[in-house]
Amino acid sequence: MVVVGAGGHGLSTAYHLARDHGIKRIAVLEKSLLGYGNVGRNTTIVRSNYLLPENHYFYEDSLRRYEGLSRELNYNVMYSPRGVLDLANSDDDMAALARRGNAMRLAGIDAELLDRAGLVKFAPELNPYLPRRFPIVGGLVQRRGGTVRHDAVAWGYARGAAARGVHIIEHCEVQGLTTHGGTATGVETTRGSIKADRIVFAVAGHTGAIGTLLGVALPVETHLLQAMVSEPIKPLISTVLIYMYAHAEVYITQSDRGGLVMGGALDGFPSYTREPAWHRLEEVVQGAVALLPQIAGVKILRHWAGTNDQTMDGSPLIDRLMYDNVFVNGGWCYGGFKAIPASGAACAQLVATGTAPDLIKSFHLSRFASGHL
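Residues numbered from 1 in each chain as written. Predicted model: local features only at pLDDT ≥ 70, side-chain atom pairs only at ≥ 80, totals over all residues. Heavy atoms only, no water.

### Digging into the sheet that holds strand E1 (residues 2–4)
Then step 1. Judged by pairing direction, the sheet is mixed, and its 6 strands sit side by side in the order E8-E2-E1-E12-E19-E18 without closing on themselves. Each end of this open sheet is capped by a strand with a single partner; those strands are strand E8 (167–169) and strand E18 (317–321). Going from strand to strand, the sheet's axes swing by 20 degrees on average, the running direction of each strand aside.
Then step 2. Where strand E2 (residues 27–29) lies against E8, 3 bridges are found, and the strand directions are parallel. By the bridge assignment for E8, Val28 is matched with Ile168.
Then step 3. The sheet contacts of helix H1 (residues 8–21) involve E1, E2, E8 and strand E19 (323–330), and relative to E1 the element is tilted by about 160 degrees.
Then step 4. This element, helix H7 (residues 207–214), spans strand E12 (199–201), E18 and E19 of the sheet and lies at about 155 degrees to E19. (Pairing = 2+ DSSP bridges. Helix = DSSP H or I, 4+ residues; strand = E, 2+ residues; numbered from the N terminus. Axes fitted to C-alpha atoms, helices over the stretch in contact; angles between N-to-C directions. Contact = heavy atoms within 4.5 Å.)

### Some remarks on the packing of aromatic side chains
Then step 1. Applying the stated criterion to the full structure yields 8 aromatic pairs.
Then step 2. Taking the centre distance of 4.4 Å and the plane angle of 10 degrees together, the rings of Tyr50 and Tyr59 count as stacked.
Then step 3. Judged by its relative accessible area of 2%, Tyr59 is buried.
Then step 4. Ring centres of Phe58 and Trp332 lie 5.7 Å apart, and the angle between their planes is 25 degrees; on these two criteria the pair is classed as stacked. With a gap of 274 residues between them, Phe58 in helix H2 (residues 53–67) and Trp332 in the loop between E19 and helix H9 (336–353) connect regions that are remote in the sequence.
Then step 5. Put simply, the rings of Tyr50, Phe58, Tyr59, Trp332 and Phe363 pair up and form one aromatic cluster.
Then step 6. One residue, Arg41, lies across the ring of Tyr36, its end atom 5.1 Å from the ring centre. (Phe/Tyr/Trp six-rings, centres within 6.5 Å; stacked < 30°, edge-to-face > 60°. Buried < 20%, exposed > 50% of the residue type's maximum accessible area, 1.4 Å probe, protein only. Lys NZ or Arg CZ within 6 Å of the ring centre and 35° of its normal.)

### Notes on the packing of H1 against helix H6 (residues 150–163)
Then step 1. Running from amino to carboxyl end, H1 crosses H6 at an angle of 30 degrees, the nearest separation of the two axes being 9 Å. Between H1 and H6, the interaxial angle falls into the category roughly parallel. The crossing of H1 and H6 is left-handed. Note on element contacts: H6 touches H1 through Ala154, Tyr157, Ala158, Gly160 and Ala161, opposite Leu11, Ser12, Tyr15 and His16.
Then step 2. Looking at the contact of H1 with H6, its residues break down into 6 nonpolar, 3 polar and no charged. (Parallel < 35°, antiparallel > 145°, perpendicular 65-115°, else oblique. Left-handed = near helix turned anticlockwise from the far one by under 90°. Nonpolar A, V, L, I, M, F, W, Y, C, P; charged D, E, K, R; others polar.)

### Details of the layout of surface pockets
Then step 1. Reported here for the second largest pocket is a volume of approximately 550 Å³.
Then step 2. Lining the second largest pocket are 25 residues, and of these Arg149, His150, Ser255, Val261 and Arg302 lie nearest its centre.
Then step 3. Among the secondary structure elements, those contributing two or more residues to the lining of the second largest pocket are strand E13 (220–230), strand E15 (248–254) and strand E17 (300–311).
Then step 4. For the lining of the second largest pocket, the leading source of residues is E17, giving 4 residues.
Then step 5. Looking at side-chain class alone, the lining of the second largest pocket contains 7 nonpolar, 12 polar and 6 charged residues. (1 Å grid on protein atoms, 1.4 Å probe; cavity = no way out; pocket = protein on both sides within 12 Å on 5 of 7 lines; lining within 4 Å. Points joined across faces, edges and corners; volume = space filled by probe spheres on them.)

### Things to note about H9
Then step 1. Spanning 18 residues, H9 covers 24 Å between terminal C-alpha atoms, matching the ideal 26 Å at 1.5 Å per step.
Then step 2. Ala342 marks where H9 bends most, by close to 45 degrees.
Then step 3. Among the 18 residues that make up H9, 15 are buried, leaving the element largely enclosed by the rest of the structure.
Then step 4. Within two residues after H9, Gly354 carries a phi angle of roughly 85 degrees, on the positive side. (Expected span 1.5 Å × (residues − 1). Bend = angle between axes of the 7 residues up to and from the residue.)

### Some thoughts on the pairing of strand E10 (residues 183–189)
Then step 1. Sheet topology places strand E9 (residues 174–180) next to E10; 6 bridges connect them, and they run antiparallel. The residue bridging Thr179 from the neighbouring strand is Ala184, located in E10.
Then step 2. What sits between the antiparallel neighbours E9 and E10 is a turn of 2 residues, in which Gly181 has the positive phi angle 60 degrees.
Then step 3. Here E10 runs beside strand E11 (residues 192–195); their pairing, made up of 4 bridges, is antiparallel. Note that in E11 the partner of Gly186 across the bridge is Lys195.
Then step 4. The antiparallel pairing of E10 with E11 creates a hairpin that spans 2 residues between the two strands.

See the structure below:
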């Protein structure tokens, strides 16, 4: 088998193909360096606080796998269940958060609605009583949510896969498929041809380009998602804070090094550049300072962007693509990093057995044609 892409989803898929299904000959092909793509260009947040069952069951499976991933891989991925707190600006926001929290609790997922007094206890760095243009009236917290070290996830899966015989080949860009009799027989790369019985494309941020390569129009647009980190400061933020204001948002957490890691909304136009833009930095920083005025004097240290494959319903694609033995794992929108453990296990089952597990049956490509979003 060939897996294209040595990021989180590709490495996790290869690892589970080898571990769970006993596949002995697997190559992971990477056009650049292991972990150089989106797995190293995110804000490290993991959570399962989704409203719809198709998503919250999937991401809950992933979060549970993250909870035990360090032990499974024998590699410390630095899972930190510091909690993920969505803040409400109005009574309407509180009603929407209560609906989401109730859906989560009915599914057996932890969720807790907090009023202002509860916010003060859970996140003392906040002052919800401070006058703001967009006030804070409460929030919804998932205490098991938090952060995981992104590069540790990539290297942990890479080491686990390699220990099971998986070949990880860097600087090997896939340029096309070889086919015979309506079946894919391998891939053409910058380092020559490789034959394969089954091929998986897990190229987060470039899923649409794979569709173009194969002549399939995929319902995906690629947008930049920018983030930034400040200089290190003493411990201040005890959780992950998500603050929606007007038509914008900011999410902020503090890394183990002390930097404040911040992100916001997608850029509003397709792009593959991965070049950060000043207008997004300004918007995110304005939101962060409105949320936490005490950080106004902190300096920004670094600013980056990742490429997000946005589907039209915000959910991923894990399905066959054009041929019975070619598969795509992509379209992750905002959810790529937090989905890695569940994605790899479920995609590996589909590839190895030919049957999609219940967890990903809703993520088929044909839903866009049939209207079953």
